[in-house]
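# Tertiary structure, described
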Amino acid sequence: MFLNLGLAQLEIGELDAATESLRNAVLHGGNHSESHFDLALAYERGGLLADAEREMQASIQLNPDQPDARDALGVIYAEEGKPLRASAVWQGLVREMPDYEPARTNLSLLGSQSGSQSARVGK
């Protein structure tokens, strides 16, 4: 119930209410990766990047087979000013799923912003 409410609130731009509902979804159903994923997105939208990172990692720990969560974690790392971590996440996704376009795009964007720095990761 809290998850659906939080998603609806997020959709209409009620970020504070959505964040609270999604926190409740995690509290009352903490073993669901989707609740952590959506709470991480709410935190990220609100600029609470450390909280977003923590929740996205929790989502991935509960369900490692979700490329969108791994890609979003890379975005959070990039926003936190951690380009090497972001690059490592996206390079791993590209290695495992060569056709996963979001990671390829983000890796390319990161490379164009940081020059050769991202090319050193993973070698």
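In this report, the structure presented in the accompanying data block is examined. (Residues numbered from 1 in each chain as written. Predicted model: local features only at pLDDT ≥ 70, side-chain atom pairs only at ≥ 80, totals over all residues. Heavy atoms only, no water.)

## As for helix 2 (residues 15-28)
Each turn of an α-helix holds 3.6 residues, which means side chains three or four residues apart point in the same direction. Across its 14 residues, helix 2 extends 20 Å between first and last C-alpha, which sits within 8% of the 20 Å expected from 1.5 Å per residue. Those residues of helix 2 lying buried are Ala18, Thr19, Ser21, Leu22, Asn24, Ala25 and Val26. Packing partners of the buried residues in helix 2 comprise helix 1 (2-11), helix 3 (33-45) and helix 4 (49-62). (Helix = DSSP H or I, 4+ residues; strand = E, 2+ residues; numbered from the N terminus. Expected span 1.5 Å × (residues − 1). Buried < 20%, exposed > 50% of the residue type's maximum accessible area, 1.4 Å probe, protein only. Contact = heavy atoms within 4.5 Å.)

## Regarding helix 5 (residues 67-79)
Along its 13 residues, helix 5 runs 18 Å from first to last C-alpha, staying within 8% of the 18 Å computed at 1.5 Å per residue. Every buried residue of helix 5 is accounted for by Ala69, Arg70, Asp71, Ala72, Leu73, Gly74, Ile76 and Tyr77. Gly81 sits one or two positions beyond helix 5 and adopts a positive phi of about 80°.

## Focus: the environment of Asp16
Mapped onto the elements, Asp16 comes out in helix 2. When the C-alpha positions of Asp16 and Ala42 are compared, they lie 8.6 Å apart, and in sequence the two are 26 residues distant.

## Regarding the environment of Arg23
Its location among the elements puts Arg23 in helix 2. Judged by relative accessible area, which is 34%, Arg23 ranks as partly exposed. Those residues in contact with Arg23 that sit more than four places away from it in its chain are Leu39 and Tyr43.

## Quick look at the packing of helix 3 against helix 4
The relative placement of two packed helices is expressed as an angle between their axes plus a distance between the axes. Two elements in contact, helix 3 and helix 4, have axes whose closest approach is 8 Å; the angle formed by their N-to-C orientations is 160°. In terms of axis orientation, helix 3 runs roughly antiparallel to helix 4. Considering only the axes of helix 3 and helix 4, their crossing is left-handed. Where helix 3 approaches helix 4, its residues Ser33, His36, Phe37, Leu39, Ala40, Leu41, Tyr43 and Glu44 are matched on the opposing element by Leu49, Asp51, Ala52, Arg54, Glu55, Met56, Ala58, Ser59 and Leu62. (Axes fitted to C-alpha atoms, helices over the stretch in contact; angles between N-to-C directions. Parallel < 35°, antiparallel > 145°, perpendicular 65-115°, else oblique. Left-handed = near helix turned anticlockwise from the far one by under 90°.)

## Considerations on the pattern of salt bridges
Applying the stated criterion to the full structure yields seven salt bridges. Residue Arg23 pairs with Glu20 through a salt bridge whose shortest N-O separation is 3.1 Å. Taken together, the residues span about one helical turn, with Arg23 and Glu20 both in helix 2 at a distance of three residues. On the accessibility criterion, Glu20 (41% relative accessible area) is partly exposed. Here Glu53 makes a salt bridge to Arg85, at a shortest N to O gap of 3.7 Å. Of this pair, Glu53 sits in helix 4 while Arg85 sits in helix 6 (residues 83-96), and the two are 32 residues apart along the sequence. A relative accessible area of 9% places Glu53 in the buried class. (Salt bridge = Lys/Arg side-chain N within 4 Å of Asp/Glu carboxyl O.)

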